[in-house]
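Residues per chain are reported as follows:
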Amino acid sequence: MEQKSLDALADVIISKKFTLSVLKLENIVKIASFNFKKHFTEVITNIQTCTNFKYLSLANNHLGKSNILALSTVFGNSNVTIHGINLKGVKISKNYFWSAMEAMFEGNNWCLTTLDISEIPMEPRTLLEINKFIRSSVSLKTLNLSSTQIEASGVCNVITSIEANDDLAVTLLLKDNNFTSKSSKIISETLSRGVSRILSLDLTDNPLGDKGSAIIFQALAKTKIQQLICNYTFKLKGKEERQQLIQSIAQLLKADILTRLEIKGDAQKKQYTAETIFHPYI
């Protein structure tokens, strides 16, 4: 998009009475020196004038200091009731990101239902802020931590925080985080304690392996998870592995808690591939 076109777009958004409830500005700001960043900041700031604003997506943008300060101001405004935020793949200085997250969680913990910070590397401070938010939230329904390279121990912390909050019923997305068989053992220990606040879990594209996947399935049989998506996590290398995996799936189904189960073999589709869905409306 030409620079003049970007500026014109911003001018239109800024000059009109702000009646939007959903604003998606994705894949726009790629270069930190764009003059559009100034307009971008004004657009973000003007969200505060909207009385019915619900969802903001700034996915895959390169956000500068002024943009983040504007976000912090908006997030910290108690009159702004943002229900969904998508920051997937945002390029951002981690110091500014933390300040924005603090403001966002403090200002929106009572209304934020959807948070997507996928593809943003998980730093210890970010994980700390997320756990603080989860424990204080009364409305969170979807948390996307896919492709953040969060460690297994971090996942355990997130699960523990969700379970500690009686107000929540959450869909947790953990796709493509490079979880291995070793990771599955760590995560399964937390799951085995009994999980009731996570209703849906997506572990797609994690190399859990045959045994790792089986361990996860066995642990989930002790939870109240209703939907599980676990695609491309195993390859069924041998008869023993296949038997173990099938037995763990049978154990999970025997628990009679799932409304949807979706599993597929390796991404190359050279091995066993299956999809099993138990839902009357799918």
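Residues numbered from 1 in each chain as written. Predicted model: local features only at pLDDT ≥ 70, side-chain atom pairs only at ≥ 80, totals over all residues. Heavy atoms only, no water.

## As for the sheet that holds strand S1 (residues 22-24)
The criterion, for reference: The rule for pairing is simple: two strands pair if DSSP sees at least two bridges between them. Runs of H or I in DSSP of at least four residues are treated as helices and runs of E of at least two as strands, each being numbered from the N terminus. Here an axis means a line fitted to C-alpha atoms, over the contact stretch when the element is a helix, while the angle between two N-to-C directions is reported on a 0 to 180 degree scale.
The sheet built from nine strands is open, its strands ordered S1-S2-S3-S4-S5-S6-S7-S8-S9 with parallel pairing. Both edges of this open sheet fall to S1 and strand S9 (260-264), since each of them pairs with a single strand only. Mean inter-strand twist for the sheet, computed between neighbouring axes without regard to direction, equals 5°. Two strands pair when backbone bridges link them, and strand S8 (residues 227-231) and S9 are joined in this way by five bridges, in the parallel orientation. Its bridge partner lying in S9, Leu 228 is registered against Leu 261.

## Topic: the pairing of S9
Regular strands place their side chains on alternate faces of the sheet. Quick reminder of the rule: Per-residue accessibility, obtained with a 1.4 Å probe over protein chains only, is compared with the maximum for each type, and a residue is labelled buried under 20%, exposed over 50%, and partly exposed between these values. With the strands pointing away from the viewer, any crossover whose connection runs clockwise from the first strand over the helix to the second is right-handed.
Burial analysis of S9 places four of its five residues in the buried class, which makes it a mostly covered element. Once the chain exits S8 it traverses helix H9 (residues 239-254) before rejoining the sheet at S9, and the crossover so formed is right-handed.

## A few points about the nonpolar core
We apply this condition: Residues enter a nonpolar core if they are buried and are Ala, Val, Leu, Ile, Met, Phe, Trp, Tyr or Cys, with the set joined through side-chain atoms within 4.5 Å. Contact between two residues is taken to exist if any of their heavy atoms lie within 4.5 Å; hydrogens are not considered.
Leu 143 and Leu 145 are the most contacted members of the largest nonpolar core, which has 76 residues in total. The element best represented in this core is helix H4 (residues 94-108), accounting for seven residues. Setting aside its immediate chain neighbours within four residues, Leu 145 contacts Ile 117, Met 122, Ile 130, Ile 150, Val 158, Leu 172, Leu 173, Leu 174 and Asn 177.

## Observations concerning the environment of Gly 209
Tracing the sequence through the fold places Gly 209 in helix H8 (residues 209-220). When the C-alpha atoms of Gly 209 and Leu 236 are compared, they prove to be 8.1 Å apart, with 27 residues separating the residues in sequence. Sequence-distant contacts of Gly 209, defined by excluding residues within four places in its chain, comprise Thr 233 and Phe 234.

## Considerations on the environment of Gly 212
With respect to the secondary-structure elements, Gly 212 resides in helix H8. Residue Gly 212 is classed as buried on the basis of its relative accessible area, which comes to 0%. As a C-alpha pair, Gly 212 and Thr 233 span 21 residues in sequence and 8.5 Å in three-dimensional space. With residues up to four places along the chain from it excluded, the contact list for Gly 212 reads Ser 181 and Ser 184.

## Thoughts on the pairing of strand S7 (residues 198-202)
Here S7 lies mainly inside the structure; four of its five residues are buried. When strand S6 (residues 170-173) meets S7, the two strands line up parallel, connected through four bridges. The residue bridging Val 170 from the neighbouring strand is Ile 198, located in S7. Handedness of the β-α-β unit built from S6, helix H7 (residues 181-191) and S7 comes out right-handed. As judged from the three bridges shared by S7 and S8, these two strands associate in the parallel manner. Residue pairing in the sheet places Ser 200 in a bridge with Gln 227 of S8.

## Some points on the side chain of Thr 204
Positionally, Thr 204 belongs in the loop between S7 and H8. Contacts of Thr 204, omitting those with residues within four sequence positions, involve Lys 175, Asp 176, Ile 229, Cys 230, Asn 231 and Tyr 232.

## So, unusual backbone geometry
Phi angles above zero are rare outside glycine, and Ser 147 is one such case at about 55°. Secondary-structure assignment places Ser 147 in the loop between strand S5 (142-144) and helix H6 (152-163). Residue Ser 147 is classed as partly exposed on the basis of its relative accessible area of 22%. Phi is positive for Asn 178, which is not a glycine, with a value near 60°. Inspection of the secondary structure assignment puts Asn 178 in the loop between S6 and H7.

## Focus on H8
Side chains that are three or four residues apart share a direction in an α-helix, a result of its 3.6 residues per turn. Keep this limit in mind: Helices are assigned an expected span. That span is 1.5 Å times one less than the residue count.
Between its first and last C-alpha atoms H8 spans 16 Å; for 12 residues at 1.5 Å apiece the expected length is 16 Å, and the two agree. The buried count for H8 comes to nine of 12 residues, which makes it a mostly enclosed element. All of the buried residues along H8 are Asp 210, Gly 212, Ser 213, Ala 214, Ile 215, Ile 216, Phe 217, Ala 219 and Leu 220. Elements in contact with the buried residues of H8: H7, S7, S8, H9 and S9.

## Notes on the confidence of the model for the chain
Here is the rule we go by: For every residue, the predictor states its confidence as a pLDDT score lying anywhere from 0 to 100.
Overall, the predicted model of the chain reaches an average pLDDT of 81, with 82% of residues at or above 70. Within the model, the stretch residues 267-282 combines pLDDT values under 50 with 28 contacts to residues more than four positions away or in other chains.

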